[in-house]
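Here is what each chain is made of, one letter per residue.
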Amino acid sequence: MRANLKTSVQTFMGCRAEYEESEIALFGAPFDSTTSYRPGARFASSAIRAESIGIETYSPYQMADLENLKIFDAGDLELPFGNAGKALDTIEAFCGKVQDDDKMPVMIGGEHLLTFGAVRAAAGRHPDLRVMHFDAHADLRRDYMGESLSHATVMRRVWDLLGDGRIFQFGIRSGTKDEFDWAASHVRTELFTVRGIDSCAEAACSYPVYISVDLDVIDPSEFPGTGTPEAGGVSFKDLLDALLCLRGLNVVGFDICELSPHYDVSGISTALACKILREMLIAYH
Ligand code: MN
Ligand code: MN
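Residues numbered from 1 in each chain as written. Chains lettered and ligands numbered in written order. Predicted model: local features only at pLDDT ≥ 70, side-chain atom pairs only at ≥ 80, totals over all residues. Heavy atoms only, no water.

Undergrad: How should I be thinking about the coordination of the manganese ion (ligand 1) in this particular structure?
TA: Ideal geometry at a metal centre: 109.5 degrees between donors when four sit tetrahedrally, and 90 or 180 degrees when six sit octahedrally. Protein coordination at the manganese ion (ligand 1): the donors are His112 (ND1), Asp135 (OD), Asp139 (OD) and Asp214 (OD), at 2.1 to 2.2 Å from the metal. Mapping the donors of the manganese ion (ligand 1) onto the primary sequence gives the spacing H-x22-D-x3-D-x74-D. Taken as a pair, the manganese ion (ligand 1) and the manganese ion (ligand 2) show a spacing of 3.3 Å, with Asp135 coordinating each metal. Placement of the pair is Asp139 in the loop between β6 (130-134) and α4 (154-162) and Asp214 in strand β9 (residues 208-214), with a sequence separation of 75 residues. (Donors = N, O, S within 2.8 Å, 3.2 Å for Na, K, Ca; no water. Helix = DSSP H or I, 4+ residues; strand = E, 2+ residues; numbered from the N terminus.)

Undergrad: How should the pattern of salt bridges be read in this particular structure?
TA: Should the charged atoms of two oppositely charged side chains come close, the side chains can pair. For the structure on display, the rule yields 13 salt bridges. Glu67 is paired through a salt bridge with Arg16; the nearest N and O atoms lie 3.0 Å apart. Remark: Arg16 occurs in the segment before β1 (24-29) and Glu67 occurs in the loop between β3 (64-65) and β4 (71-76); sequence separation between them is 51 residues. Of the residues examined, Arg16 reaches a relative accessible area of 57% and is grouped as exposed. The structure contains a network of salt bridges with shared partners spanning Arg49, Asp73 and Asp76. (Salt bridge = Lys/Arg side-chain N within 4 Å of Asp/Glu carboxyl O. Buried < 20%, exposed > 50% of the residue type's maximum accessible area, 1.4 Å probe, protein only.)

Undergrad: Sorry if this is basic, but what is going on with the packing of helix α3 (residues 115-125) against α4 here?
TA: Two quantities define a packed helix pair, namely the angle between the axes and the distance from one axis to the other. Across the interface, α3 lies against α4 with an axial gap of 10 Å and an inter-helix angle of 15°. The pairing of α3 with α4 is recorded here as roughly parallel in orientation. Here the hand of the crossing between α3 and α4 comes out right-handed. Counting all contacts with α3, which are made through Thr115, Phe116, Val119, Arg120 and Ala123, the residues of α4 involved are Val154, Met155, Arg157, Val158, Leu161 and Leu162. In terms of residue class, the contact of α3 with α4 is made up of eight nonpolar, one polar and two charged. (Axes fitted to C-alpha atoms, helices over the stretch in contact; angles between N-to-C directions. Parallel < 35°, antiparallel > 145°, perpendicular 65-115°, else oblique. Left-handed = near helix turned anticlockwise from the far one by under 90°. Contact = heavy atoms within 4.5 Å. Nonpolar A, V, L, I, M, F, W, Y, C, P; charged D, E, K, R; others polar.)

Undergrad: I keep staring at the packing of helix α7 (residues 236-245) against helix α8 (residues 268-284) and nothing clicks. Help me out?
TA: Running from amino to carboxyl end, α7 crosses α8 at an angle of 15°, the nearest separation of the two axes being 10 Å. Relative to α8, α7 is oriented roughly parallel. In this structure, α7 crosses over α8, and the sense of that crossing is right-handed. Seen from α7, the contacting residues are Phe236, Leu239, Leu240, Leu243 and Leu244; seen from α8, they are Leu272, Lys275, Ile276, Glu279, Met280, Ala283 and Tyr284. Class assignment of the residues belonging to the contact of α7 with α8 gives a composition of 10 nonpolar, no polar and two charged.

Undergrad: Help me understand the coordination of the manganese ion (ligand 2), please; the structure alone is not making it clear to me.
TA: Each protein donor to the manganese ion (ligand 2) is listed here as Asp135 (OD), His137 (ND1), Asp214 (OD), Asp216 (OD) and Asp216 (OD); together their distances run 2.1 to 2.5 Å. Read in sequence order, the donor residues coordinating the manganese ion (ligand 2) give the pattern D-x1-H-x76-D-x1-D. Residue class for Asp214 comes out buried when judged on its relative accessible area of 2%.

Undergrad: I tried to follow the layout of surface pockets on my own but got confused; where do I start?
TA: A probe matching the size of a water molecule, rolled over the atoms, marks out where space remains unfilled. In this structure, the largest pocket encloses a volume near 460 Å³. Every residue lining the largest pocket is counted, 20 residues in all, and those nearest its centre are Thr7, Val9, Thr11, Cys15 and Arg16. Taken as a whole, the second largest pocket spans an internal volume of roughly 250 Å³. What lines the second largest pocket is a set of 16 residues, among which His137, Arg141, His151, Ala152 and Thr228 lie closest to the centre. (1 Å grid on protein atoms, 1.4 Å probe; cavity = no way out; pocket = protein on both sides within 12 Å on 5 of 7 lines; lining within 4 Å. Points joined across faces, edges and corners; volume = space filled by probe spheres on them.)

Undergrad: Help me understand the nonpolar core in this model?
TA: Inside soluble globular proteins, nonpolar side chains tend to come together where they are buried. One finds Met132, Phe134 and Ile211 to be the most contacted residues of the largest nonpolar core, which totals 53 residues. The element contributing the most residues to this core is α8, with 10 residues. What Met132 contacts, discounting residues up to four positions off in sequence, is Phe168, Phe170, Cys200, Ala201, Ala204, Val209, Tyr210, Ile211, Ser212, Leu246 and Leu249. Counting residues in each nonpolar core, the second largest holds 35 residues, with Ala29, Leu129, Ala138 and Leu162 among its members. (Core = buried A, V, L, I, M, F, W, Y, C linked by side-chain atoms within 4.5 Å.)

Everything listed is a geometric property; what it means functionally is a separate question.
Here you go:
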């Protein structure tokens, strides 16, 4: 028997490159302080790493193996509970450093607000950035109970940064009348489904793109493990097909967020999250 004499660190499956040689830097963002309903997304990154042991590194969808990519898993960032501003600053600084080193940052949230930190880093380096947003919820409130930084306002904050016509939303089936009225003239929103992904991919094909997947876009029957489940969602296969449609775009960063493992009693949501992450890493590397 050959002894393993390296430090034992749990990484996402197959992601064992050193930072210097890597093309992607994966990191966890364990923070859920603005979650308005059921908290727990802070535990997602450790659950995903643990669950990933049970998933193959090979993708039969793309006929490629995660192990052949150079991916560094940085572990989890240390984020201050209760201080959303500081958490976003920390994420922006980390993603910025990774991008300045010519690598792509990939975030495992955490609650959805954290996407704003990663988008700030990407937009700072790519002023013509486009954002593809998959979610059950519009996340376009100007504020939530007076708070401008919230998982319910995250795409409105992204709009503050990018302006009209740069945000493409899919699967949206929940929001206030004000959000939907506002969305009509500022963002492109595909209600209920991921239809229209082809034309959005075409519209974004000459720009840098950030992709954010709030996993509650998937129907709760397939993905129960989330803080704000919303009936009437898309299937895993629909989401995967849509994400694979975005292959070939100039993707400069992406995230998955809002897995809340304590509501995932059977483990199926965590396993689904692992599979989506594997496919996205292979698709956009
Ligand atoms: Mn969201
Ligand atoms: Mn959501």
